[in-house]
Amino acid sequence: MTNIEIHPPQSSTERQRIVVAGLGALGTLIAWHCRFEALFTHNRQQQTEFSLQTSASASDTPPKVDTFSAPLWRGEEADWLIVTTKAAATLEILSDLKDHLKNTSRILLLQNGMGQQEEASAWLEQNGINAELWIASSTEGAYKADNGTVIYAGKGQTVAGRWQLSGDIGAAQLPPAMKLATDIKQVLHEKLAINAIINPLTAHYRCRNGELLTSSEKRSDFNALSIEVATLFKELNWKTGFDIQQQAAKVAEATAQNQSSTFQDVLHQRRTELPYICGYLLQHARKNGLNAPLTESLYQSISALEAAW
């Protein structure tokens, strides 16, 4: 896979018209990256003022906080609509904004999981909306502290690519801090492989990522699930640029203090994104006559927990 850097506009006359829908931690970070563009937002709180603590370091006293503003989107012409909601809310957001989408050139989904991309593509076609569908994946780190402050916890990389490859994508000017991925589906599969191991296990054990490697019981489950996911990917002919078992361990170690998004959802009794992670994997396994008993067991266990809330 080749990443091609897209440079931000150099003058105010080249500012892009960008809408960010969903202003959670990642959405706020993306909006912050786009704050020098012609930025609009769509959020249920009707919020127009935002702040981001740009350093998670405890040595910064006081911490560095950037405050910026963006008006609510009222259907103005837009170059990009960036959707950063949970995967399950994708069609709901698109439906809410349906009347605005005729003025939108490109819709970019920046979310965990897979499956919502196909749903969004079908929905756009069914509703006669001609906006290009783009998909992004990010290794940027952001989270909301207990006081509601969004903290930029770790710089990473965000890559984006066309969902359906047609026409000249080389002419597309991406939003700030994004790079062009020539094979976005492989990028998504790579992230899915790691999420399908770390997310359900950390939610099951209610532990941070690194704790999966620190006890014999957790490490045994981690190894077994890694083998199951790697085997499924091989049998489904889904390519990754790494050995899944080795990479999952590297990621768990490198993000040892992180709480996975699924663990955070369980802690706060929120709907998880596992239908778009484990559920997506199981759907394709069943379609191809394959078994994934560990993934199935974890998925059913956490789904039952959600149903009891």
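What you are looking at is a predicted structure, and each value in this text was computed from that prediction instead of being measured.

1. Focus on the environment of Leu-29
Position of Leu-29 relative to the elements: it lies in helix α1 (residues 25–33). Leu-29 sits 56 residues away from Thr-85 along the chain, and the two C-alpha atoms are 13 Å apart. Apart from the residues lying within four places of it in its own chain, the contact partners of Leu-29 are Leu-52, Glu-140, Gly-141, Ala-142 and Tyr-152.

2. A look at helix α4 (residues 184–205)
The terminal C-alpha atoms of α4, which comprises 22 residues, lie 31 Å apart, in line with the 32 Å expected from a rise of 1.5 Å per residue. Across the 22 residues that make up α4, a large majority, 19, are buried. Trailing α4 by a residue or two, Arg-206 shows a phi angle of about 55°, which is positive.

3. Quick look at the sheet that holds strand β4 (residues 49–53)
In space, the 4 strands of this open sheet follow the order β5-β4-β10-β9, with mixed pairing throughout. Looking along the sheet, the strands with just one partner apiece sit at the ends: β5 (65–69) and β9 (141–144). Averaged over all pairs of adjacent strands, the angle between strand axes in this sheet comes to 30°, irrespective of strand direction. In this sheet, β5 lies alongside β4 in antiparallel orientation, the contact comprising 5 bridges. Each residue of the ladder has a partner; that of Leu-52, found in β5, is Asp-66. Its contacts with the sheet put α1 on β4, β5, β9 and β10 (150–154), and the angle it makes with β9 is roughly 120°.

4. Description of the nonpolar core
Residues Leu-81, Leu-101, Ile-107, Phe-222 and Val-229 are the most contacted members of the largest nonpolar core, which totals 62 residues. If you tally residues by element for this core, the top one is α4, at 12 residues. For Leu-101, the contacting residues outside a window of four places in its chain are Trp-73, Leu-81, Leu-94, Ile-107, Trp-123, Leu-124 and Ile-129. One finds Ile-18, Cys-34, Leu-39 and Ala-172 within the second-largest nonpolar core, a separate group that totals 27 residues.

5. Quick notes on the packing of aromatic side chains
How two aromatic rings sit relative to each other is given by the distance of their centres and the angle of their planes. Scanning all chains against the criterion turns up 5 aromatic pairs. With a centroid separation of 5.3 Å and an interplanar angle of 75°, the aromatic rings of Trp-80 and Trp-134 are classed as edge-to-face. Of this pair, Trp-80 sits in strand β6 (residues 78–83) while Trp-134 sits in strand β8 (residues 132–138), and the two are 54 residues apart along the sequence. Exposure remark for Trp-80: the relative accessible area of 0% places this residue in the buried category. Geometrically, the ring pair formed by Trp-238 and Tyr-280 is stacked, given 6.0 Å between the ring centres and 25° between the ring planes. In this pair, Trp-238 sits in the loop between α5 (216–236) and α6 (244–254) while Tyr-280 sits in helix α8 (residues 278–287), placing the two residues 42 residues apart along the sequence. For the pair Trp-238 and Tyr-280, one class covers both residues: buried. Of note, Lys-155 hangs over the ring of Tyr-152, and the distance from its end group to the ring centre comes to 5.0 Å.

6. Some words on the pattern of salt bridges
Applying the stated criterion across every chain, the model contains 9 salt bridges. Note that Arg-35 is salt-bridged to Asp-66, the shortest N-O span being 4.0 Å. Linking Arg-35 in the loop between α1 and β3 (38–42) with Asp-66 in strand β5, this pair joins segments that are 31 residues apart in sequence. With its nearest N and O atoms 2.9 Å apart, the salt bridge here joins Glu-296 to Arg-286. In this pair, Glu-296 is assigned in helix α9 (residues 293–307) and Arg-286 in helix α8, connecting sequence segments 10 residues apart. What makes Glu-296 partly exposed here is its relative accessible area of 23%.

Calculation notes
- Residues numbered from 1 in each chain as written.
- Predicted model: local features only at pLDDT ≥ 70, side-chain atom pairs only at ≥ 80, totals over all residues.
- Heavy atoms only, no water.
- Helix = DSSP H or I, 4+ residues; strand = E, 2+ residues; numbered from the N terminus.
- Contact = heavy atoms within 4.5 Å.
- Expected span 1.5 Å × (residues − 1).
- Buried < 20%, exposed > 50% of the residue type's maximum accessible area, 1.4 Å probe, protein only.
- Pairing = 2+ DSSP bridges.
- Axes fitted to C-alpha atoms, helices over the stretch in contact; angles between N-to-C directions.
- Core = buried A, V, L, I, M, F, W, Y, C linked by side-chain atoms within 4.5 Å.
- Phe/Tyr/Trp six-rings, centres within 6.5 Å; stacked < 30°, edge-to-face > 60°.
- Lys NZ or Arg CZ within 6 Å of the ring centre and 35° of its normal.
- Salt bridge = Lys/Arg side-chain N within 4 Å of Asp/Glu carboxyl O.

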